[in-house]
Amino acid sequence: MISRRTFIHGACGYVLGVLSVGSYSRFLEPRWVEIKNVVIGINNLPKRFEGMSIVQLSDIHHCEYVPREFIKKCIRKVNALSPDIIVLTGDFVYGSNAFIPSVAEELSELKSKEGVYAVLGNHDNKELTFDILSKKGIHVLINEHIPLYRKKDYLFIAGVDDLWAGKLNLETTLKGTDDKPKFLLCHNPDAIEMIKHTGIDFVMAGHTHGGQVSLPLYGPPIVYSKFGARYASGLFHEGKTIMYVNNGIGVSIFPVRFFARPEITLFTLQNSLQSV
């Protein structure tokens, strides 16, 4: 039988542990942004695109728990990387459309050499978000593509509507493309099951938040995906298609993160198979 003192010490330790984890997951990790550097090998990448840098920012979820000042700091981090292009993979707000103008105002401060491109997520009001972001000079792609040129060399930047809230149409998106590399912005990684058969080289996705809570030695117990934790976070290869799933920088439902740090991703392109 344990003594009263031992019981009290144990109980106090437990309470302090819970409070420490709670404080960390609520106040520290959601603001502890990680910059991940990822090299992407693309077959037959045109020579002028060798070394091209792409920064991905996803799932901002501007709301009372993801304040404007935090977004401003993230944008400063993105700009400090001096990317060639910037891609935004959806879910700009959470809970209210009233946050759309302020997040758009902050995103207008993004600086890149060859443009800022975006798709919408399941939390975004399509018409309102498209209109406001477009007015800020951001190219919002909804089932469409654009060629990106460097002199005579080019590749395609494409974007699809959201899998859950929109009408994703890959045939329309890719109509008119050729055998040059194709990069796709797609909010929800569950769409990879359709995408992997279309000849797309590289997909940049978000949506999952890395589970937002990930348990040591177990992983995220909840991921809003029909595949569970299969595409929760990181780099995946499906056939000839590469997909990267970004943790995002915001939160939703619960304002916590645990072992799923907010993320800004810096991709560097290299040619993995040179044409002869």
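Preceding block: the structure.
Undergrad: Just checking my understanding: could you explain a nonpolar patch on the surface for this structure?
TA: Taken together, the side chains of Trp164, Ile222, Tyr224, Ile253 and Phe254 make up a nonpolar region of the molecular surface, amounting to roughly 590 Å² of accessible area. Following the sequence through the fold, Phe254 ends up in the loop between strand 11 (241-245) and strand 12 (263-273).

Undergrad: Explanation requested: the sheet that holds strand 6 (residues 144-150) in the structure shown.
TA: Paired through backbone hydrogen bonds, the strands of a sheet run either parallel or antiparallel to each other. Read across the sheet, 6 strands follow the order 6-7-8-9-11-10 without closing on themselves; strand pairing throughout is mixed. Each end of this open sheet is capped by a strand with a single partner; those strands are strand 6 and strand 10 (234-238). Mean inter-strand twist for the sheet, computed between neighbouring axes without regard to direction, equals 20 degrees. Examined bridge by bridge, strand 9 (residues 202-205) and strand 11 share 4 bridges and lie parallel to one another.

Undergrad: Could you clarify how one ought to interpret the side chain of Asp162 in this entry?
TA: Looking at the element boundaries, Asp162 is found in the loop between strand 7 (153-159) and helix 5 (170-174). Here the side chain of Asp162 touches Trp164 through a polar contact of 3.0 Å, landing on its backbone nitrogen. Here Ala165 takes part through its backbone nitrogen, which lies 2.7 Å from a polar atom of the side chain of Asp162. Excluding anything up to four places from it in sequence, Asp162 contacts Leu120, Gly121, Asn122, Lys167, Leu168, His187 and Asn188.

Undergrad: Would you take a moment to explain the pattern of salt bridges for this structure?
TA: Once their charged atoms are close, side chains differing in charge can pair, the charge on each being opposite to the other. Overall, the coordinates contain 14 salt bridges when judged by the stated rule. Put simply, Lys136 and Glu105 hold a salt bridge, and the shortest N to O gap is 2.8 Å. Of this pair, Lys136 sits in the loop between helix 4 (126-135) and strand 5 (139-140) while Glu105 sits in helix 3 (residues 100-107); the two residues are 31 residues apart in sequence, bridging distant segments of the chain. Look at the salt bridges and you will find they share partners, linking Asp84, Lys113, Glu114 and Arg150 into a network.

Undergrad: How should unusual backbone geometry be read in this particular structure?
TA: Note on backbone geometry: most residues besides glycine have negative phi, and most peptide bonds are trans. Even without glycine at this site, Asp59 takes up a positive phi of about 45 degrees. Summarising the element assignment, Asp59 is placed in the loop between strand 2 (53-57) and helix 2 (68-80).

Undergrad: Explain the nonpolar core to me, please; I cannot follow it from the model alone.
TA: Counting residues in each nonpolar core, the largest one holds 31 residues, and the members touching the most others are Leu88, Phe92 and Leu107. Elements with a contribution of two residues or more to this core: strand 2, helix 2, strand 3 (85-89), helix 3, strand 4 (116-119), helix 4 and strand 12. Broken down by element, the residue count for this core peaks at 5 residues, all from helix 2. In this structure Leu107 touches Leu57, Ile60, Ile75, Leu88, Phe92, Leu133 and Ile138, once residues within four positions along its chain are discounted. Core analysis: the second largest hydrophobic core is formed by 23 residues, Phe49, Ile157, Phe183 and Tyr244 among them.

Undergrad: Honestly, the environment of Thr268 in this entry has me stumped. Any pointers?
TA: Tracing the backbone through its elements, the reader meets Thr268 in strand 12. Non-local contacts of Thr268, meaning those with residues more than four positions away in its chain, are made with Val38, Val39, Ile40, Gly51 and Met52.

Undergrad: What exactly am I supposed to notice about the pairing of strand 9 here?
TA: In summary, the side chains of a regular strand alternate between the two faces of the sheet. Both faces of strand 9 are covered, namely the face carrying Phe202 and Met204 and the face carrying Val203 and Ala205. Judged from the 3 bridges that link them, strand 8 (residues 182-185) and strand 9 form a sheet pairing that is parallel. Bridging from a neighbouring strand, Leu184 pairs with Val203 of strand 9.

Undergrad: I'm lost on the environment of Glu29 in this one. Help?
TA: Turning to its location among the elements, Glu29 is positioned in the loop between helix 1 (4-28) and strand 1 (34-43). Those residues in contact with Glu29, other than ones at most four positions away along the chain, are Tyr24, Arg257, Phe258, Phe259, Ala260, Arg261 and Pro262. Only 2.5 Å separates the side chain of Glu29 from the side chain of Tyr24, close enough to count as a polar contact.

Undergrad: How should I be thinking about the environment of Asn125 in this particular structure?
TA: Among the secondary structure elements, Asn125 is positioned in the loop between strand 4 and helix 4. Relative accessible area serves as the criterion here: at 28%, Asn125 is assigned to the partly exposed category. Put simply, Asn125 and Ala165 are 40 residues apart on the chain and 9.3 Å apart in space, counted from C-alpha to C-alpha. Setting aside residues up to four positions removed in sequence, Asn125 forms contacts with Asn97, Ile100 and Phe130. Within the structure, the side chain of Asn125 is placed 2.9 Å from the backbone nitrogen of Leu128, a separation counted as a polar contact.

Undergrad: Which parts of the structure should I look at to understand the packing of helix 3 against helix 4?
TA: The description of two packed helices rests on the angle between their axes and on the distance between the axes. Contact pair helix 3 / helix 4: the axes reach a minimum separation of 9 Å and the direction vectors enclose 30 degrees. Taken together, the axis directions place helix 3 and helix 4 in an arrangement best described as roughly parallel. Handedness of the helix 3/helix 4 crossing: right-handed. Across the interface between the two elements, Ile100, Pro101, Ala104 and Leu107 from helix 3 touch Leu128, Thr129, Ile132 and Leu133 from helix 4. Its residues assigned to classes, the contact of helix 3 with helix 4 comprises 7 nonpolar, 1 polar and no charged.

Parameters at a glance
Residues numbered from 1 in each chain as written. Predicted model: local features only at pLDDT ≥ 70, side-chain atom pairs only at ≥ 80, totals over all residues. Heavy atoms only, no water. Patch = residues over 30% accessible without salt bridge, like charges linked within 9 Å, V, L, I, M, F, W, Y side chains within 5 Å. Areas by Shrake-Rupley, 256 points an atom, 1.4 Å probe, with all protein chains shown as cover. Salt bridge = Lys/Arg side-chain N within 4 Å of Asp/Glu carboxyl O. Helix = DSSP H or I, 4+ residues; strand = E, 2+ residues; numbered from the N terminus. Pairing = 2+ DSSP bridges. Axes fitted to C-alpha atoms, helices over the stretch in contact; angles between N-to-C directions. Polar contact = N/O pair within 3.5 Å; in protein donor to acceptor, adjacent residues only side chain to side chain. Contact = heavy atoms within 4.5 Å. Core = buried A, V, L, I, M, F, W, Y, C linked by side-chain atoms within 4.5 Å. Buried < 20%, exposed > 50% of the residue type's maximum accessible area, 1.4 Å probe, protein only. Parallel < 35°, antiparallel > 145°, perpendicular 65-115°, else oblique. Left-handed = near helix turned anticlockwise from the far one by under 90°. Nonpolar A, V, L, I, M, F, W, Y, C, P; charged D, E, K, R; others polar.

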